[in-house]
Amino acid sequence: VEILLFILTFIRITALIASFPIFGLQGVPNSTKVLLSLIIGIVLFPSVKILNSHFQHGIDTGFLWLGFRETLIGIILGSVARLYFMSINVAGQIMSNSLGLSTAQVFNPMLGTQSNTLEQFQMTFAMLLFLGFNGHHILLTAINESFKVIPMSFDMIKWEGVKTAAVMGSDILSLGLRLSAPVVVALFLTQVSMGVIGRVVPQINVLVTSLHLTIIIG
């Protein structure tokens, strides 16, 4: 039973690490993710308990259900953390479109797709801030607390929590707009000012001048 309990602990942690925005990047080798999950599992395993345990004869249907349940919980917890980093992506996209830099594309290791340079810069900066403020320590604490808040049991998953995570999607767009608001407002005022200057001094090539000025102010 102890071995099966450790396997279930390892499954939840692995699913969480794989879906987490920093340690779950495609650029991080899978062997590193598995080793990190194994180390965290060994450290946290003594404090993990299981409720309503009734599998005593090895791997049975009950164990398979628990494995699926722990995988789903780990993915949900990691995805919730990823949503907040996605708000930075949204802010970067909005600012890049406002600056006219959206055509400059680079590979985004977090999403595995192409993204603009400003978005990638902000994402990298946010990751460095996360690590600089000991966010990885908070992550370890959160993993440990998850086994207390959502203990291993044969109870059904409460879908109210899943619905709450889904509603957070609207908060991501709102947070992204708030993050990009200073740049968007500044660029809007810049365009208005250039329009006024163009009317007052027609000799100035507003189109050419505004391109450089917009990037500098942005």
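If you're wondering where the values come from, they're calculated on a predicted model, not measured in any experiment. (Residues numbered from 1 in each chain as written. Predicted model: local features only at pLDDT ≥ 70, side-chain atom pairs only at ≥ 80, totals over all residues. Heavy atoms only, no water.)

## With respect to the packing of aromatic side chains
In this structure the tally under the stated criterion is 4 aromatic pairs. Seen from their ring centres, Phe20 and Phe130 are 5.8 Å apart, and the 50° between their planes marks the pair as tilted. Of this pair, Phe20 sits in the loop between α1 (2-19) and α2 (30-44) while Phe130 sits in helix α4 (residues 117-132), placing them 110 residues apart in sequence. On the accessibility criterion, Phe20 (4% relative accessible area) is buried. Here Phe85 and Phe130 contribute two aromatic rings whose centre-to-centre distance is 5.9 Å and whose plane-to-plane angle is 70°, an arrangement assigned as edge-to-face. Highlighted residues: Phe85 in helix α3 (residues 61-99) and Phe130 in helix α4, separated in sequence by 45 residues. Every member of this aromatic cluster is reached through a ring pair, and the members are Phe20, Phe85 and Phe130. Geometry around Phe147 places Arg12 over its ring, the cationic atom sitting 4.4 Å from the centre. (Phe/Tyr/Trp six-rings, centres within 6.5 Å; stacked < 30°, edge-to-face > 60°. Helix = DSSP H or I, 4+ residues; strand = E, 2+ residues; numbered from the N terminus. Buried < 20%, exposed > 50% of the residue type's maximum accessible area, 1.4 Å probe, protein only. Lys NZ or Arg CZ within 6 Å of the ring centre and 35° of its normal.)

## Details of the side chain of Lys33
Residue placement: Lys33 occurs in helix α2. Contacts of Lys33, omitting those with residues within four sequence positions, involve Ile17, Phe23, Gly24, Leu25 and Val28. (Contact = heavy atoms within 4.5 Å.)

## Comments concerning the pattern of salt bridges
Tallied over the full model, the rule gives 3 salt bridges. Among the salt bridges present, the one from Arg12 reaches Glu70, with a minimum N-O distance of 2.5 Å. Here the residue Arg12 occupies a position in helix α1, and Glu70 occupies one in helix α3, the gap between them amounting to 58 residues. The exposure class assigned to Glu70 is buried, which follows from its relative accessible area of 0%. For the salt bridge of Glu145 with Lys148, the shortest nitrogen-to-oxygen distance reads 3.9 Å. Taken together, the residues span about one helical turn, with Glu145 and Lys148 both in helix α5 (residues 135-149) at a distance of 3 residues. Take Glu145: its relative accessible area is 35%, and that puts it in the partly exposed class. We classify Lys148 as exposed; its relative accessible area is 53%. (Salt bridge = Lys/Arg side-chain N within 4 Å of Asp/Glu carboxyl O.)

## Thoughts on the layout of surface pockets
Estimated volume of the second largest pocket: approximately 240 Å³. Contributing to the lining of the second largest pocket are 14 residues, with Phe20, Leu77, Ala81, Leu139 and Ala142 lying nearest its centre. Taken together, the elements giving at least two residues each to the lining of the second largest pocket come down to α3 and α5. By residue number, the principal contributor to the lining of the second largest pocket is α5, which donates 6 residues. (1 Å grid on protein atoms, 1.4 Å probe; cavity = no way out; pocket = protein on both sides within 12 Å on 5 of 7 lines; lining within 4 Å. Points joined across faces, edges and corners; volume = space filled by probe spheres on them.)

## Notes on the packing of α1 against α5
Geometry of a packed helix pair, given as the angle between the helix axes and the separation of the axes. Close contact between α1 and α5 brings their axes to 12 Å; oriented N to C, the two are set at 135°. With respect to each other, α1 and α5 are oriented oblique. As α1 runs across α5, the sense of the crossing is right-handed. Side by side, α1 and α5 meet where Thr9, Arg12, Ile13, Leu16 and Ile17 of the first sit next to Leu139, Ile143, Ser146 and Phe147 of the second. For the contact of α1 with α5, the residue count by class is 6 nonpolar, 2 polar and 1 charged. (Axes fitted to C-alpha atoms, helices over the stretch in contact; angles between N-to-C directions. Parallel < 35°, antiparallel > 145°, perpendicular 65-115°, else oblique. Left-handed = near helix turned anticlockwise from the far one by under 90°. Nonpolar A, V, L, I, M, F, W, Y, C, P; charged D, E, K, R; others polar.)

## Quick word on a nonpolar patch on the surface
Taken together, the side chains of Val185, Phe188, Leu189, Val192, Val196, Ile197, Val200, Val201 and Ile204 define a hydrophobic patch exposed on the protein surface, amounting to about 760 Å² of accessible area. The exposure class assigned to Ile204 is partly exposed, which follows from its relative accessible area of 36%. (Patch = residues over 30% accessible without salt bridge, like charges linked within 9 Å, V, L, I, M, F, W, Y side chains within 5 Å. Areas by Shrake-Rupley, 256 points an atom, 1.4 Å probe, with all protein chains shown as cover.)

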